[in-house]
Structure formats: structure tokens, C-alpha cells
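Listed below are the residues making up each chain.
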Amino acid sequence: MIHEKKIHSIIDQVLNVAKDKKPIAFNKKSVPHLVPDPKNPRYKKKKIDLSTLTDILEIDVKNKTCTAESGVTFFDLVNETLPYGLVPMTVPELKGITIGGAVSGCSIESMSYKSGGFHDSCIAYEVISSDGTLLNCTHENNSDVFEMIHGSYGTLGILTKLTFKLIQAKPYVKMTNLICDNIIDYNRYLNQHCAQKTHDFVDGIVYDKNHFVLCLGNMVDEAPYTSSYDREHIYYKSVVEKIEDYMTTQQYFFRYDTECHWVTKQVPFFENKFFRKTMGSHFLGSTNLIKWSKRLRHIYGLKKRQDLVVDVFIPSYNFINFYEWYEKTLNFYPLWIVPYKMPQIYPWVSPEHKNRIGKESFFIDCAVYGMKNNDTHVDYSKLLEDKVFELNGVKTLIGRNDYSENRFWEIYNKPLYDTVKEKVDPNHLFENVYKKFHPHRD
Ligand SMILES: Cc1cc2nc3c(=O)[nH]c(=O)nc-3n(C[C@H](O)[C@H](O)[C@H](O)COP(=O)(O)OP(=O)(O)OC[C@H]3O[C@@H](n4cnc5c(N)ncnc54)[C@H](O)[C@@H]3O)c2cc1C
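Parameters and conventions
- Residues numbered from 1 in each chain as written.
- Predicted model: local features only at pLDDT ≥ 70, side-chain atom pairs only at ≥ 80, totals over all residues.
- Helix = DSSP H or I, 4+ residues; strand = E, 2+ residues; numbered from the N terminus.
- Rg over C-alpha atoms; globule rule 2.2 N^0.38 Å.
- Buried ≥ 20, exposed ≤ 12 C-beta atoms within 10 Å, placed from the backbone.
- Contact = placed C-beta atoms within 7 Å.
- Near = placed C-beta within 6 Å.
- Nonpolar A, V, L, I, M, F, W, Y, C, P; charged D, E, K, R; others polar.
- Pairing = 2+ DSSP bridges.
- Axes fitted to C-alpha atoms, helices over the stretch in contact; angles between N-to-C directions.
- Left-handed = near helix turned anticlockwise from the far one by under 90°.
- Arc of directions from axis to C-beta.

Visitor: Tell me about the overall build of the chain, and please be specific about residues and values.
Guide: Assigned secondary structure in the chain consists of 17 helices and 16 strands. The C-alpha atoms of the chain give a radius of gyration of 21 Å, which matches the 22 Å a tight globule of 442 residues would have. Its C-alpha atoms put the chain at 60 × 55 × 50 Å along the principal axes. Counting across all 442 residues of the chain, residues that qualify as buried make up 43%. Across the chain, contacts joining residues at least 24 apart in sequence account for 73% of those joining residues at least 6 apart.

And the structure:
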């Protein structure tokens, strides 16, 4: 089906559900990367079907840009661009993350220390508002929508088409893993390597308070061998064992996918070689793992709280403070470390919070993936949320959120959000971002 036809069908759906004046949710073809919460009213909401939006519309090799529909996954995208020797400037590590979800939900990865988040490589968005208007948004045209749709988590219209920049790529990645035994040295190496900008990729994993690894990657034309972490071998374990490694560029981008980082660690037989060989295709890989966790969400509902799955962006000047607190308070490992240079503090951050952050725009994303949060007396998610605020950081909204409404709008830019909201959501279909992520506070 051609893009225009798909758009008309989505607009028809929007106008149809607009009559009910009730918040809706989206149905994409690929799995969502939000932590399943059985109590979330999203499951009962009417859905707008976006599952047709999976086509790459143009790869402009000369100008190094790509135009694609919002439901294209990064896995499919990289498969299509790599034969031209090109890749997006930011490729989130899980195969099923879509380009629309990456903009709405603030995706970043190991190129983000130079290139920022995926949104920072975008040139134009096509957005459907709740009265069925089709908006073309760029830095010049509907610029408020263009800026604010980043980090709006589906509350400022439906992203249907994106144009974004590509960069030159090589077929292989050479990895060098630097190991050190304390946070002070680790922080120094991290800053040094990011300042030098000689690597294509920088991220890291902390295994415990004496075991830090900085993973440096460079694209190369040839490789003496290539490792694969699709089935038997486990990437996050290999980093400790190998000082040097080679992967195809495709393998590198999705190196964390088989384990969904290290979520498989929670089910010990998932790491068993025989199981992986015989049953891996049914259970391993982020898409399988997320589908299973969705099916089992009612069992998870028996837990006091969801497991902690969250990325927090800490200004680099507070990284050591944060880590020292984390080690004493949460002490959950592995902890994923992704340096992230924002080209500017984004307009969706409130002016007060910008003031608190100061001039710094270099952040360290600390990603906590899969910590149990069942203690009767302590809610670790809340402790983390408060600490991130105290250290002038920003927490993504992909998991549990406990902000009071006042605190939330101390971080997010309410006047600007409300202005754009009025423009794109006159029929109140997309919900307010505070309400959407705090359903239990109704
Ligand atoms: C276990 C886990 C691991 C993760 N690992 C990584 C990682 O390695 N790297 C990384 O960068 N990020 C990671 N993330 C975060 C991820 O990038 C974000 O959650 C991202 O938003 C997911 O995109 P998606 O395509 O799956 O969208 P979804 O999860 O389906 O949606 C995310 C948000 O975007 C909105 N949205 C989706 N599509 C549209 C659209 N077309 N128009 C408007 N709004 C839309 C949804 O309403 C929702 O609020 C992880 C998250 C989890 C839960």
C-alpha cells in the first residue's frame, strides 16, 4: 500500500475514535519497549492501528538521508542501508525498536557520545494530530511540534514518517575492552576517550564496584575473525573475557539483543548452552522476551512492584556522586553506561531544571535493566527517581514513575508542552504525558 493511502486510513481511524473523546493507545507491528504493567489502563483503551507503517520510502545515497515510516525497526533499517555503506547516526541496540518509538521515547546508544539521540539526526517529521490534520514538521515549519515530539511518548500526535541523516559505515567493528577497578579511573578514561572522539562507538558495563569495562568500537574494512552473540555466546559476558573482539557491523549494533541486555539472567536456564542451542529461537532475543513478559504480565502483577527497568541521564559532573550512591543503595549489576552528548538541553526540559543542570550538556546514561523491586519497606524506583532529580538528571519514563504532579512539571516544560498539546490534540485523544505515566495516581 502506498504511504498516502495508509495515512488516509489512519486519519479515518482518528476521526472515528475522536467521537468518543476518550484517550487511545497505538498498535504497532513490533513489540513495545515499555515495562508491562498489568494495572496500566492502556490495555483497555481503544487502539489506533499503525501496523502498516513499516516501509522505507527512500534512501538518498548522495545526500546521505533516509525517509521511512515510523514503524520501521532499526533491524530492518540497518539491513537496508548497510549495502549502500550507510547507517543511521544512532542505532538503538534492540532489534525491534522503531524509528517513531526512538524519537518519542528518547533512544540513545554508543554513538550518542558524538551524535546525541536518534531525534538529533532527524530532519523532518510527518505527524497526524487528533483532528486528523497532517503536519509537516521541520526546524523551520511547525518547529514547536518538531522539537517537542521528542520525549513526548505518544502524547503529541502520531508520527507517521521521518527523514533522518545517515553516515558512512564499514562492514566490521573492532572492539577494545578496557578494564579498570575503580570509579575514579573509570570516569577519567570515559571522559578522555569521549573528548578524543577517535572511536565510532563508546559504551560500558559495570559488573561490580571493583569491575568496570569501557567498550570502545571502531568500524574497519577487514576483520581477522568475527564473533556472533545470536545464540550460544553471551555478549555481556564476553566483554569481561575478551580485551579485543571483532563483529560484523550488523552484529555489533544488536549485540545486546539476544539477552535483551541481561534480562535472561533472571531465568538461569536461559543462559544454559544446550537450552540456547535447542530452544533459543523461541525464547531468546528482545522481541521473544518482551512477548513472553507481556503474556506473563498477570503473574508479574502478583509482585508488589514491577522490576526496575529505566535509563537515567546524569550530568557528567555528577556521575561519580551518582555511582557511589548507586553502589551503596541499589547495588544491582550489570549496570549499562552510555555517554550521551545532547547538542543542547532539549526544549521539553523546564527552564528551572535547565538552570539546575547549568552549562553541561554531556550526560552519562546509567541503564538499570531488571532489578527486583519487591521489598515491602523500600521502593528502589522511588529512591532512584529522587536521587536523579537531586543530581540534576533526567529519568526516562519507560518503567514505573512516582512523581507528584508538581515535581514532574519542575522537570518537564509545562507551558511549552501545553501550547503544543493544544495545537496537536484538540480532541484530547493522546492523553497528558504526566497522566499517561502515572495511572496509579488517579
Ligand atoms: C528492556 C528495555 C531495554 C531497552 N534497551 C534500549 C537500548 O538498548 N537502547 C535504547 O536506545 N533504548 C532502549 N530502551 C528504551 C527504548 O529506546 C524506548 O523505550 C523506545 O521508546 C522504544 O521504542 P519502540 O519503538 O519500541 O516504541 P514503544 O515502546 O512501542 O513506544 C514508546 C513510546 O513511544 C510512543 N510511540 C511509539 N510509536 C509512536 C508513533 N508512531 N507516534 C507517536 N508516538 C509513538 C508510544 O506511545 C510510547 O509512549 C529499552 C527499553 C526497555 C524497556
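Visitor: Give me the environment of Phe319: which residues, what numbers.
Guide: Its location among the elements puts Phe319 in helix 12 (residues 319–329). For Phe319, a count of 23 C-beta atoms within 10 Å translates into the label buried. Linking Phe319 and Ile364, residues 45 residues apart in sequence, is a C-alpha distance of 6.8 Å. Those residues in contact with Phe319 that lie beyond four places of it in its chain are Asn187, Ile314 and Ile364.

Visitor: Help me get a handle on the site of the ligand, residues and values and all.
Guide: Lining the immediate environment of the ligand, one finds 30 residues, of which Pro32, Gly100, Gly101, Gly105 and Gly154 sit closest. When residues of the shell around the ligand are traced back to their parent elements, those giving at least two are helix 3 (99–104) and strand 8 (158–168). The biggest single contributor to the shell around the ligand is helix 3, with four residues. Taken together, the residues of the shell around the ligand break down into 18 nonpolar, nine polar and three charged.

Visitor: Requested: an account of the sheet that holds strand 12 (residues 244–248), with residues and values cited.
Guide: Spatial strand order, 12-9-11-10-14-15-13-16: eight strands in an open sheet with antiparallel pairing. Each edge of the open sheet is held by one strand with a lone partner, namely strand 12 and strand 16 (394–395). Relative to the sheet, helix 6 (residues 183–196) contacts strand 9 (172–180), strand 10 (201–208), strand 11 (211–220) and strand 14 (335–341), its axis offset from that of strand 11 by approximately 15°.

Visitor: Help me get a handle on the packing of helix 6 against helix 12, residues and values and all.
Guide: Where helix 6 meets helix 12, the axes come as close as 10 Å, and the angle between the chain directions of the two elements is 145°. Crossing angle aside, the handedness with which helix 6 passes helix 12 is right-handed. Here Ile183, Ile184 and Asn187 of helix 6 come into contact with helix 12, specifically with Phe319, Ile320, Tyr323 and Glu324. Considering only residue class, the contact of helix 6 with helix 12 consists of five nonpolar, one polar and one charged.

Visitor: Describe helix 12, listing the residues and the values that go with them.
Guide: Listed as buried for helix 12 are Phe319, Phe322, Tyr323 and Tyr326. Summarising the axial view, the buried residues of helix 12 lie within an arc of 95°, below the 170-degree limit, and thus occupy one face. Across helix 12 from its buried face, at more than 90 degrees, point the exposed residues Glu324 and Lys328. Against helix 6, strand 13 (308–315) and strand 15 (362–371) lie the buried residues of helix 12.

Visitor: I'd like to hear about the pairing of strand 15, residue by residue, with values.
Guide: Strand 15 sits mainly inside the fold: seven of its ten residues count as buried. Here strand 13 runs beside strand 15; their pairing, made up of eight bridges, is antiparallel. Note on strand 15: the bridge partner recorded for Leu308 is Met371. Sheet topology places strand 14 next to strand 15; six bridges connect them, and they run antiparallel. Within the sheet, the bridge partner assigned to Pro339 lies in strand 15 and is Ile364.

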